[in-house]
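Tertiary structure, described
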Amino acid sequence: MASAGYLQISLIWVAYAAAVGLALLAATITAFTWQNHRDRSAVVTIVTIISLTALLATVFLLPVDIALVSSTTSTAVGAKKDWATPNRIHNILQTLKIVYYSLYSFDALLCLIVIPFSYFWYEEYDEVEEQEGNQTFGSRLWGAFKYTIAFIFLVVIIFLIGFFVPAAGSNSGKHVDLDFFKRLLDQNHGEKALNFGVGLLITLGTLLYVLYTGAGLALLPISFIKSAPSVSAPQLAESTTTQLEQNRERQRQLELRSAGHADGMPAKDRRKLEALAREERTLVRRERLAAEAQGQGKTFVVRAWTKICAVFRPIKLIGGILLVLLSLLIWVSMLITGIDKAANSVCKQHCGYILAHINVFQPINWIFVKAARAFPVDYVMMALLVLLFFSSSISGIASVGIRFLWLRIFQIRKGRTAPQAMLMATVMLALITLGINYALAMLVAPQYASYGTQTFCDLPPHHPDELPDCRANPEAVKPCSEWVNSHSSATRVCTPTMMSTFLNRIALTWPVFGAIIFWAQFAFLGVFLIVFVTSLFRTPKLNLGEIDEEAEADEEEGLLASTGRRFGATWQDITGKTNRNTYGSTGAAGSSSNTN
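Residues numbered from 1 in each chain as written. Predicted model: local features only at pLDDT ≥ 70, side-chain atom pairs only at ≥ 80, totals over all residues. Heavy atoms only, no water.

**Overview of the state of the cysteines**
In protein chemistry, a disulfide is the covalent bond that joins the sulfur atoms of two cysteines. Under the criterion given, the structure shown has two disulfides. The side chain of Cys457 participates in a disulfide bridge whose partner is Cys470; the two sulfur atoms lie 1.8 Å from each other. Handedness of the Cys457-Cys470 disulfide follows from its S-S torsion of about 80°: it is right-handed. Here the residue Cys457 occupies a position in strand S5 (residues 455–457), and Cys470 occupies one in the loop between S5 and strand S6 (477–479), the gap between them amounting to 13 residues. The burial state of Cys457 is the same as that of Cys470; both residues are buried. (Disulfide = S-S within 2.5 Å. Helix = DSSP H or I, 4+ residues; strand = E, 2+ residues; numbered from the N terminus. Buried < 20%, exposed > 50% of the residue type's maximum accessible area, 1.4 Å probe, protein only.)

Here is the structure:
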């Protein structure tokens, strides 16, 4: 039996390692997809990939935590398995604790020191100074480090406050009757300092989570159903061609009207002609983009992918509808848990509204408990739920942008995100991830995230030193919850997850953090509802101005690349001839008349 326990635990950790490997691949694809291809920085790219991988590893640890504590208990009889000795369980929890603290510390280090240093390192780069030899590696390193010193001082101050300031919850321990809460207060000063720092970061992350994840969770499913028209739409291509013909006809009329004037073209007509010429260039670029989006001039693979996306459009629509239903179910579940906590918490604001047990039917928690009967469906569902919240955060950041109040500082767009925006978005995701962990463990599926599928036997034991036996009374098997102090046997069977213990300890030690984070969940629900209702009645529109700006930037980059990045000779260089661009060729006669 012991070997079976070792095998199950090993498989869980192997699955987690595979998930982290996939997270590294996803982080790499995400970084290269969103960053500006014309303005890259190796340091920024590497830091972004490492940070995103660490964030995904942090959020994927919750399903592992639940799986490990659940594997120690036999759900059918409400007792620990034979191999799950107290020493073995202690080792499992200690390993989880080390991994949790390591990942949280690494995330905080990235967020407060590494990413700010990378930001200033990029800002210190001066191409002219480097070419003239005035900027060396050492000067650039010192320039970035001196700005990062302020963040290092901030980390030290946070740690010292958490280490020396008395915890507010430590004095209220005598008012708490639950043994579960008393155990939460057993911590040393180092853990208290770390809890203070993480609690502060969770509070800041929750504020970002309210805005960006709340908006993203509403917009992500809607974007699958109602997407903006594509530049490859036949209506757009046809309208662009019509506008281009009308533009060239007006240019021809102006030229013919001024052909008989001895003084040449009047100034007013010349200004009109210049404006029409600029509009013509914009329409030609738009026509080229529409043709490229349709696959013209592209490889077979690109054209095939375009056709596949069109074929699977109905599946995307069905997926969007399912995501909408899931988002609404999550919203309802969080609202039920929030109201239940506010009304029935055993200690209210003094412990961050910790709930002893669920008093109202909670759909998401019920689904996870029922899905646990088919191993490992519930763990896969939890991993997908974590991924949904993380993807919604990315969608929210991309939609809202990086703002200070109502002013947009950076815009997040695929292939056009500046390095500074990439780093700032990564910091925001790091903080949001902490808020996501709290929401999943405390509101979305609180009982499942705290105890997994563990159960205990609610019968009196035959002897004081023995555990009760429910093999003959399966109806006495009940799910574990925090409210186990009245059952001495339950305290030996029910093992809380490290995530729930960690979050409850922060809420109990620093109640102000727990209260702010809890009430912010209602703001999250409000933001989701407002954005969701608004997006239902708002039709996505094609931003032609943005498309024209991107096309013009691509065209300028192409001109620079043709002269500044010629690493090898081409056939046109040898023959002295160039391929004529067919876009806008119908207006060649009109343009040639301008030179006569």
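Still to come is the rest of the account.
**Observations concerning the pattern of salt bridges**
Counted by the stated rule, this structure contains two salt bridges. The closest approach of N and O atoms between Arg248 and Glu280, which form a salt bridge, is 2.9 Å. Highlighted residues: Arg248 in helix H9 (residues 234–257) and Glu280 in helix H10 (residues 267–293), separated in sequence by 32 residues. For the salt bridge of Arg252 with Glu249, the shortest nitrogen-to-oxygen distance reads 2.6 Å. Here Glu249 and Arg252 lie together in helix H9, a separation of three residues that amounts to about one turn. Residue classification places Glu249 among the partly exposed residues on the basis of a relative accessible area of 33%. (Salt bridge = Lys/Arg side-chain N within 4 Å of Asp/Glu carboxyl O.)

**Notes on a nonpolar patch on the surface**
Taken together, the side chains of Leu317, Ile318, Ile321, Leu322 and Leu325 present a nonpolar region at the surface, about 470 Å² in accessible area. Locating Ile321 in the fold gives a position in helix H12 (residues 313–344). Judged by its relative accessible area of 43%, Ile321 falls in the partly exposed class. (Patch = residues over 30% accessible without salt bridge, like charges linked within 9 Å, V, L, I, M, F, W, Y side chains within 5 Å. Areas by Shrake-Rupley, 256 points an atom, 1.4 Å probe, with all protein chains shown as cover.)

**Quick look at helix H4 (residues 86–123)**
Across its 38 residues, H4 extends 54 Å between first and last C-alpha, which sits within 8% of the 56 Å expected from 1.5 Å per residue. Of all the bends in H4, the greatest measures close to 45° and is centred on Leu110. (Expected span 1.5 Å × (residues − 1). Bend = angle between axes of the 7 residues up to and from the residue.)

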